[in-house]
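One letter stands for each residue in the lines below.
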Amino acid sequence: MLPTRRLLLGAIAAAALAGPTSAQTTVTITHALSLDSHYGAGSQAFKEVVERLTQGRFQVNIQRNDNEREAIEATQIGTQEFTITSTGPVGNFVREVLVLDIPFLFRDYAHARGVLDGPIGQELLAKFTPRGLIGLAWMENGFRNLTNSRREVATPADVQGLKIRTMENQVHMRAFQTLGALPTPMAFSELVPALQQGTVDGQENPIPVIVANNLNQVQRFLSLTRHVYSPAVLIANPAFWNRLNAQDRAAFQEAAKAAVKANRDRVSADEQRGVALLRERGMTVRTEVDTAAFQAALAPAFEQYNRQFDAALIARIRDWKPGS
Ligand code: EAX
């Protein structure tokens, strides 16, 4: 055997024994729910595509952090590279995003996804950059529904006096105040203990969250109010993102697209099966809610939102049609 061939085989064997190349980088992504959730579906798709398109040079470590404000702060300062979060606390970092949290702004999932995937969504993602965050892609939490342990809710009058946990979101808090409820903002991590101890009577979340976190164990009544569409967003750390070369950045962008698709597909699936599942788990579900009465009762809040935000932008969102 020629010496050079023997040397070459030796070098390959040594490299194989040395294990992964030094160029391997582990990045962390967090979200508030388990892997068996609409966020988990997204993070696992993200991981698979990043590791495949970078030939393993980047490894993705998925972790759970159910304090979304903390996760955004950690992504901002770089103690983690990515997070998937509902827009709940995002308005405390990027004020313009609060417009998306206005009740009854979106008609249905097609309307919300169409707006967020179009120019309006891109304009809002660009608002993250000056705030020290990279808004990579709009994902989805879902249409929020009200649960409580006191009574069935069908009209605004049924909400009066209920202590309702809200996200740390001033748009949501104003809405529940206007309805005569007692909004109590807290991180998702504090929600279940607060419901168990009776600190609050109820909360509001999309079906996928209620299912993923078994909130049926601490809540008796579910009303399909669908009062707010709750976007989620994939956020990156700017320093990490700006260090990527064009090829790797393209890989992460492909991974973000895969995360959006897997996340939305799981929301659609959970919406299909979630109500029946929650009934099986013992919840009393009120499917018929007087939506018109809720919208009328929120009129004072809508007036305030029109003053607080760009009324033209609100109209652009409301009037969006496919193809527009
Ligand atoms: O993002 O805090 C909330 O109610 C959110 O919907 C939950 O953390 C999933």
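Just so it is clear, the structure is predicted and the values come from calculations on it, not from any experiment.

A. Region of the structure containing the side chain of Arg144. Considering the arrangement of structural elements, one finds Arg144 in strand S4 (residues 134-148). In this structure Arg144 comes out as buried when scored by relative accessible area, which is 0%. Reaching out from Arg144, the side chain makes a polar contact with the side chain of Glu204 at a distance of 2.7 Å. Contact partners of Arg144, with chain neighbours within four places excluded, come to Arg165, Met167, His172, Glu204, Asn205, Pro206, Thr225, Arg226, His227, Val228 and Ser230.

B. Main features of the side chain of Ser37. Structurally, Ser37 can be placed in the loop between strand S1 (25-31) and helix H2 (38-53). A polar side-chain atom of Ser37 sits 2.5 Å from the main-chain carbonyl oxygen of Ser34. Here Ser37 is in contact with Ala212 and Arg266, once residues within four sequence places are set aside.

C. Layout of the pattern of salt bridges. On inspection of all chains with the given rule, the structure shows 17 salt bridges. A salt bridge links Glu96 to Arg131; the shortest N-O distance between them is 3.2 Å. Placement of Glu96 in the loop between strand S3 (82-86) and helix H4 (109-117) and of Arg131 in the loop between helix H5 (119-126) and S4 is noted, with a sequence separation of 35 residues between them. The partly exposed category is assigned to Glu96, whose relative accessible area is 27%. Given a relative accessible area of 31%, Arg131 falls into the partly exposed group. With a shortest N-O distance of 2.7 Å, Arg144 and Glu204 are connected by a salt bridge. You can see Arg144 sitting in strand S4 and its partner Glu204 sitting in strand S7 (residues 202-206), a full 60 residues away along the chain. The buried category is assigned to Glu204, whose relative accessible area is 0%.

Conventions used here
- Residues numbered from 1 in each chain as written.
- Predicted model: local features only at pLDDT ≥ 70, side-chain atom pairs only at ≥ 80, totals over all residues.
- Heavy atoms only, no water.
- Helix = DSSP H or I, 4+ residues; strand = E, 2+ residues; numbered from the N terminus.
- Buried < 20%, exposed > 50% of the residue type's maximum accessible area, 1.4 Å probe, protein only.
- Polar contact = N/O pair within 3.5 Å; in protein donor to acceptor, adjacent residues only side chain to side chain.
- Contact = heavy atoms within 4.5 Å.
- Salt bridge = Lys/Arg side-chain N within 4 Å of Asp/Glu carboxyl O.

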